[in-house]
Amino acid sequence: TSFACLCWLIQDWRRRRRLFPQQHNKDKQKMSTEAEIPVLLPPPATEADPTDMTSADYYFHSYSHFGIHEEMLKDEVRTNSYMRAIMQNRDFFRDKVVLDVGCGTGILCLFAAQAGARKVIGIDLSEIIDQAKEIVNINGYGDVIELIKGKVEDVTLPVDKVDIIISEWMGYCLLYENMLETVLFARDKWLKPGGSLFPDKATLYLALIEDEEYRQEKLDFWDSVYGFDMTPIKRLALVEPLVDDVEASAVTSDNVIVKRLDISTCTVEDLAFTSPYTLRAIRDDTVHAMVAFFDIEFTQCPRPLKFSTAPWARKTHWKLTVFYLPEPLEMARGDELVGHFRMLPNARNKRDLDIDIQFSYRGQNSDVVRDQVAKYRLR
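Everything quoted here is computed from the prediction, not taken from an experiment. (Residues numbered from 1 in each chain as written. Predicted model: local features only at pLDDT ≥ 70, side-chain atom pairs only at ≥ 80, totals over all residues. Heavy atoms only, no water.)

S.K.: Sorry, what's going on with the overall build of the protein here?
M.R.: Each helix and strand counted, the protein has 11 helices and 15 strands in total. In the protein, which comprises 379 residues, the share counted as buried stands at 46%. Within the protein, counting contacts between residues at least 6 apart in sequence, those at least 24 apart form 74% of the total. Counting only carbon and sulfur atoms, one obtains 52% of the accessible surface of the protein, whose full area is about 20200 Å². (Helix = DSSP H or I, 4+ residues; strand = E, 2+ residues; numbered from the N terminus. Buried < 20%, exposed > 50% of the residue type's maximum accessible area, 1.4 Å probe, protein only. Contact = heavy atoms within 4.5 Å. Areas by Shrake-Rupley, 256 points an atom, 1.4 Å probe, with all protein chains shown as cover.)

S.K.: How should the packing of helix α5 (residues 76–87) against helix α7 (residues 107–114) be read in this particular structure?
M.R.: Pairs of packed helices are described in terms of their axes, by the angle between the two and the distance that separates them. Interhelical geometry of α5 versus α7 gives an angle of 25° and a closest axis separation of 9 Å. Considering their axes alone, α5 and α7 lie roughly parallel with respect to each other. In the crossing of α5 with α7, the sense of the turn from one axis to the other is right-handed. Only Ile 107, Leu 108, Phe 111, Ala 112 and Gln 114 of α7 make contact with α5, whose side of the interface consists of Thr 79, Tyr 82, Met 83, Ile 86 and Met 87. A class-by-class count of the residues in the contact of α5 with α7 yields eight nonpolar, two polar and no charged. (Axes fitted to C-alpha atoms, helices over the stretch in contact; angles between N-to-C directions. Parallel < 35°, antiparallel > 145°, perpendicular 65-115°, else oblique. Left-handed = near helix turned anticlockwise from the far one by under 90°. Nonpolar A, V, L, I, M, F, W, Y, C, P; charged D, E, K, R; others polar.)

S.K.: Just to check I follow, could you spell out the environment of Phe 341 for this structure?
M.R.: Tracing the backbone shows Phe 341 in strand β13 (residues 336–345). Among the residues examined, Phe 341 registers a relative accessible area of 0% and is labelled buried. C-alpha separation for the pair Phe 341 and Tyr 277, spaced 64 residues apart in sequence, amounts to 7.2 Å. Beyond its immediate sequence surroundings of up to four residues, Phe 341 is in contact with Leu 204, Leu 206, Val 258, Phe 273, Thr 274, Ser 275, Tyr 277, Phe 323, Ile 355, Asp 356 and Ile 357.

S.K.: Before we go on, may I ask you to explain the packing of aromatic side chains in this structure?
M.R.: For any pair of aromatic rings, the description consists of the separation of the ring centres together with the inter-plane angle of the planes. Summed over all chains, the structure comprises 16 aromatic pairs. Ring geometry for Phe 221 against Trp 222: centres 4.9 Å apart, planes inclined by 75°, an arrangement best described as edge-to-face. Under the relative-accessibility criterion, Phe 221 is labelled partly exposed at 40%. On the basis of an interplanar angle of 75° and a centroid distance of 6.2 Å, the ring pair of Phe 323 and Phe 341 is categorised as edge-to-face. With Phe 323 in strand β12 (residues 320–331) and Phe 341 in strand β13, this pair connects stretches of sequence that are 18 residues apart. When sorted by exposure, Phe 323 lands in the same class as Phe 341, which is buried. Grouped by ring-pair contacts, the aromatic residues Tyr 82, Phe 92, Phe 93, Phe 198 and Phe 298 constitute a single cluster. The lysine or arginine in question, Lys 96, covers the ring of Phe 92, its NZ or CZ lying 4.7 Å from the ring centre. (Phe/Tyr/Trp six-rings, centres within 6.5 Å; stacked < 30°, edge-to-face > 60°. Lys NZ or Arg CZ within 6 Å of the ring centre and 35° of its normal.)

S.K.: I would appreciate a short explanation of the nonpolar core in the present structure.
M.R.: The nonpolar side chains of soluble globular proteins are, as a tendency, buried together. Ranked by size, the top nonpolar core spans 91 residues in total, and within it Leu 99, Trp 169, Leu 174, Leu 175, Tyr 277 and Phe 341 carry the most contacts. Broken down by element, this core gets its largest block of residues, seven residues, from α7. Counting 16 residues, the second-largest nonpolar core is a separate cluster that includes Leu 238, Val 291, Leu 320 and Val 322. (Core = buried A, V, L, I, M, F, W, Y, C linked by side-chain atoms within 4.5 Å.)

S.K.: Is there a simple way to explain the sheet that holds β13 in this structure?
M.R.: Strand pairing within a sheet occurs via backbone hydrogen bonds; the two strands may be parallel or antiparallel. Taking strand neighbours across the sheet as the criterion, the four strands line up as β9-β13-β14-β15 in an open arrangement whose pairing is antiparallel. Edge positions in the sheet fall to β9 (273–280) and β15 (370–378), since each has one partner strand and no second. Taken over all neighbouring pairs, the strand axes of this sheet differ in orientation by 20° on average, direction set aside. Of the strand pairs in this sheet, β13 and strand β14 (residues 353–361) are connected by eight bridges, and their pairing is antiparallel. Bridge pairing links Val 338 to Ser 360 in β14. (Pairing = 2+ DSSP bridges.)

S.K.: When you look at the environment of Ala 281 in this model, what are you seeing that I'm missing?
M.R.: Locating Ala 281 in the fold gives a position in the loop between β9 and β10 (285–298). Through-space distance from the C-alpha of Ala 281 to that of Gly 334 is 5.2 Å; in sequence the pair is 53 residues apart. Once residues lying within four places of it in the same chain are set aside, the contact partners of Ala 281 are Thr 252, Ser 253, Met 331, Ala 332, Arg 333, Gly 334 and Asp 335.

S.K.: I keep staring at the sheet that holds strand β3 (residues 145–149) and nothing clicks. Help me out?
M.R.: An order of β3-β2-β1-β4-β5 is seen for the five strands of this open sheet, with the pairing classed as parallel. Because the sheet does not close on itself, it has two edges, and the strands there are β3 and β5 (191–198). Averaged over all pairs of adjacent strands, the angle between strand axes in this sheet comes to 20°, irrespective of strand direction. Packed on one face of the sheet, helix α9 (residues 180–190) meets β1 (97–101), β2 (119–124), β4 (162–166) and β5 and runs near 150° to β5.

S.K.: In this structure, what is going on with the pairing of β4? I would like to understand it.
M.R.: Working note: regular strand, side chains alternate between the two faces of the sheet. Of all five residues in β4, five are buried, a share of seventy percent or more. In terms of strand pairing, β1 meets β4 through three bridges, oriented parallel. Among the inter-strand pairings, Leu 99 is bridged to a residue of β4, identified as Ile 165. Sheet analysis places β4 next to β5, joined by four bridges and oriented parallel.

Encoded structure:
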């Protein structure tokens, strides 16, 4: 990513400065003798030093750059769904106190204020909140929207309770980045009895796909690299799921629900789970991977709304999460892949996901039984 490249450049510059101090001083002397050229410089950086950041710091730091917010705002499925869920329920929002967990640029705060909320509070730890405060004021909502910079777990709100909590907490494979845990903290601390969550329901699905072209290009490539066996790298590549768009035509099975979450009642413990599944082939084809996608629902309002990241739905910035199987499977229509899907936050960095997929398969035309566990890490 561009952020990773920036960190590398900073570290490389510092390394060269340590290793070649004389050259660094010469460069400074040379610069001082050259004619001065007026240059417009950005304001002094207030962001964290990339070399001193923890994994948690990197998470919040990544949301300081406008690029990630541009991508999310341009995701029309995402942004229009939230806008419609709020604006089509104006009467529901009128005179309410609303909390936005992870407000980013403040777009959901603006929707809530526009819908008639009496008070809107947004919380975010990333540096983008400084621009969000400007955005709120230049759009005339400074008297309604109050933005607070800090961790949700550490801040104090100007009110005791709120009527509605809105948040766009979903990550890849639904739970990547573990932001839902923060929403649950806010729910338990500030949402008044009978209050509403936007959204309030999420459902995670699995399906099987054919994807020979990518597998050959990115995975089987390591089988023979200029005549050398580099399969140890292939094993590394298999561990990391791919986040990408998937066409509906690639789907070779039915789909199955592996997790339903009711955000009103679920607990942090519910975010680590193991679910059984059975996937039935809908045509004769080679299966290369399993994909995960999710639906999101706004049901705690007079006019409910739902959107999906499924292959047959409009594309979103979440795309789908693709888990390539250790080896392709030849499946005939009606064949079943049976197993368990396990997902939990990584022990060292809870914003990453550890995923184990156990599967058992014996085709109609084969006596060979496949019984394997494939381990993945989404980071």
